[in-house]
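Structural characterization, general
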Amino acid sequence: MEFDSGQWWRDAVVYQVYPRSFADVSGDGEGDLAGVVSRLEHLDRLGVDAIWLSPFYPSPMADGGYDVADYRGVDPRYGTPADFDRLVAEAGARGIKVIVDIVPNHCSVAHPWFQEALAAPPGSPERERFIFRDEPNNWHSVFGGPAWTRLADGQWYLHLFDSAQPDWNWRHPDVAALFEDVLRFWLDRGVAGFRIDVAAMLFKQEGLPDVAAGTQAAPLAPGAAAVPYEHQPELLELYRSWREILGSYPGERVMVAEIWFAGPAQARPYLKGDGLDQLFNFRLMPLPWSAAEFRAVIDDSCLLAAETGGSVPWVLGNHDVPRMVTRFGIDQELVRAPTDEVLLGRVEVDIALGTRRARAAALLLLALPGAAYVYQGDELGLPEHLTIQDERRQDPMFERTARTFIGRDGCRVPLPWSGEAPPYGFGAGATWLPQPEGWGALTAARQDAEPDSTLALYRAALAERRRNPALGDGELAWLELGPEVLAFRREPGFTLVANFGDEPVALPAHGRVLLASGPLDGDLLPGSTAVWLA
Ligand code: NOJ
């Protein structure tokens, strides 16, 4: 496809496709690349600039495909390399770029190099591409349990995630060379860039020292404390070398990194240099519905972007966290301090309230300076599926935490496209994760016909974003409308007001209402509602 000049990604809206749950053309109950092609019309009408595809590479699926057995292939469950090329071409014809996921921290136990390492004796060169030791240290897996698994010959290998995901030894030249090749392979196939999985963990401190008690970090809950498997200085040089590779291709290609930074200090080094283009800004996701807390993170993040010249795109959902309708629909103290009951999904959810807030949050997200990522299904206002039967759960976190956390399956349920009952037009067969009853009102087809639907709201917001010069990259200036209200101006002539409280507030003077996340009461903005004003 053609790449425009300029850093298109700075104000892009990128839509995350989780291929297994997007759309199923083959009829096996799992989504596929042909399914993405078949629904490009949906993405086109939504108005996104690019899609990011979660992994579709050959994989035993021990972690939903984040256990990669072949970095250059397409898993037959998702189709063929020709399907991938067709997707890039047909998306490109609609002006939609394709970003792919790269998983450089670990591979699958099924990767040929790990199989060679298993077949070779302790101390062999084959084992040096991974992290084998005679004694483990005290590191924990991010998914729960120890980060080491022992082989029959007595050696242990490191896996910061599932035992089916051995960590690469990034100090080995073969590993660096492999990934340079992989980058080039997909760039040659026309991708617009890469989302880098677990981007802060590739290098481990020499000697693999123990972590201090109480400082084990997890990407879904970043610790501020330094741990010897995160943020090692060698990463900066690595990402500079990757930027050079991307820069040697025509057009602007992007690297967006999955780094759960605790605050600006951890993020700054990556953004200041000439390495990573973007770090996801996940810091709004764990917040309760609080104007003050949102404002603090927004301020920090804008400052970080301004002082580094980097880009920190906004995120309210992805395939690793509970859907925002559900997050905003539970007792908000539980968001701040989740109890065991919450982790098990045993919680009362006010879906109507969660939906109001999620719609308001969407207008806030899309009005903020810079780029935004939207997770598939959030444009339909899907809630988390909390009642999947235990025997149907797929996320390895469920077993690795001894079933004390139900895991991430509830946000990965196949999308409802049409109809009144499962599989809601997802495909022909029973879906790989069960869909709940009662999603008939949430299907894309139903919402397409309703002017006030969440889908209609997202479409209108993205269309306005494209035509309004005040939106996208730039700055904001806060307006003070009370402690429970977030309001800002963006020039020329745009105002956002989001009411986080329950009581209506008076709108500031304005010309006209561009968009509202819910009905207005004359010049009053009801609670849990946001509005775009000109
Ligand atoms: C982050 C991915 O988003 C998540 O889904 C995966 O389980 C871990 N990285 C390990 O690859």
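Residues numbered from 1 in each chain as written. Predicted model: local features only at pLDDT ≥ 70, side-chain atom pairs only at ≥ 80, totals over all residues. Heavy atoms only, no water.

Description of unusual backbone geometry
For the peptide bond that leads from P422 to P423, omega is 5°, which places it in the cis range. Along the chain, the position of P423 falls in the loop between α14 (396-400) and α15 (444-448). In the segment running from E491 into P492, the intervening peptide bond is cis, with an omega of 0°. For P492, the location among the structural elements is in the loop between β13 (485-490) and β14 (494-499). With a phi close to 60°, R403 is a non-glycine residue in the positive phi region. Looking at the secondary structure, you find R403 in the loop between α14 and α15. Taking relative accessible area as the criterion, R403 reaches 40% and is therefore assigned partly exposed. (Helix = DSSP H or I, 4+ residues; strand = E, 2+ residues; numbered from the N terminus. Buried < 20%, exposed > 50% of the residue type's maximum accessible area, 1.4 Å probe, protein only.)

A few points about the pattern of salt bridges
Evaluation of the coordinates by the stated rule reveals 42 salt bridges. For D101, the salt bridge identified is with R195, shortest N-O distance 3.0 Å. Of the two residues, D101 sits in strand β3 (residues 97-102) while R195 sits in strand β7 (residues 193-196), which places them 94 residues apart along the sequence. Judged by its relative accessible area of 0%, D101 falls in the buried class. In this structure, the salt-bridge partner of R412 is D320, at a minimum N-O distance of 3.1 Å. Residue R412 is found in the loop between α14 and α15, and its partner D320 is found in the loop between β10 (314-315) and α10 (324-327); the two are separated by 92 residues along the sequence. Classification of R412 by relative accessible area gives buried; the value is 5%. Among the ionic contacts, a cluster of salt bridges with common partners joins D63, D320, D395, R408 and R412. (Salt bridge = Lys/Arg side-chain N within 4 Å of Asp/Glu carboxyl O.)

Digging into the environment of A62
Relative to the helices and strands, A62 is located in the loop between β2 (50-53) and α3 (81-93). Overall, A62 belongs to the partly exposed group, its relative accessible area being 24%. For A62 and Q165, which are 103 residues apart along the polypeptide, the C-alpha to C-alpha distance reads 8.1 Å.

Thoughts on the site of the ligand
Taken together, 13 residues lie around the ligand, and D63, R195, D197, H319 and D320 are the ones closest in. The side chain of R195 places a nitrogen or oxygen atom 3.0 Å from an oxygen atom of the ligand. R408 is positioned such that a nitrogen or oxygen atom in its side chain is 3.0 Å from an oxygen atom of the ligand. Tallied by class, the residues present in the shell around the ligand amount to four nonpolar, two polar and seven charged. (Near = heavy atom within 4 Å. Polar contact = N/O pair within 3.5 Å; in protein donor to acceptor, adjacent residues only side chain to side chain. Nonpolar A, V, L, I, M, F, W, Y, C, P; charged D, E, K, R; others polar.)

Quick word on the sheet that holds strand β4 (residues 132-133)
Reading across the sheet, the three strands line up as β4-β6-β5 and stay open at both edges, with antiparallel pairing between neighbours. Each edge of the sheet is formed by a strand with only one pairing partner; in this case those strands are β4 and β5 (148-150). Sheet analysis places β4 next to strand β6 (residues 156-158), joined by two bridges and oriented antiparallel. Residue pairing in the sheet places F132 in a bridge with Y157 of β6. (Pairing = 2+ DSSP bridges.)

Here's the deal with the sheet that holds strand β12 (residues 477-479)
Read from one edge to the other, the open sheet built from five strands follows the order β12-β13-β14-β18-β16, with strand pairing classed as antiparallel. Edge positions in the sheet fall to β12 and β16 (513-516), since each has one partner strand and no second. Averaged over all neighbouring strand pairs, the angle between strand axes comes to 20°, with direction disregarded. Bridge count between β16 and strand β18 (residues 529-533): three bridges; the pairing is antiparallel. When the sheet's bridge partners are listed, L515 is paired in β18 with W532. Together, β13, β14, β16 and β18 form the strand contacts of helix α13 (residues 351-367), whose direction differs from that of β18 by roughly 35°. (Axes fitted to C-alpha atoms, helices over the stretch in contact; angles between N-to-C directions. Contact = heavy atoms within 4.5 Å.)

Considering the packing of aromatic side chains
Describing an aromatic ring pair means giving the distance of the ring centres and the angle of the ring planes. For the coordinates displayed, the defined rule picks out 34 aromatic pairs. Each ring, one from W52 and one from F280, has its centre 5.5 Å from the other, and the planes form 40°; the classification is tilted. You can see W52 sitting in strand β2 and its partner F280 sitting in the loop between β9 (278-279) and α9 (291-308), a full 228 residues away along the chain. Comparing W52 with F280 shows no difference in burial state: the two are buried. (Phe/Tyr/Trp six-rings, centres within 6.5 Å; stacked < 30°, edge-to-face > 60°.)

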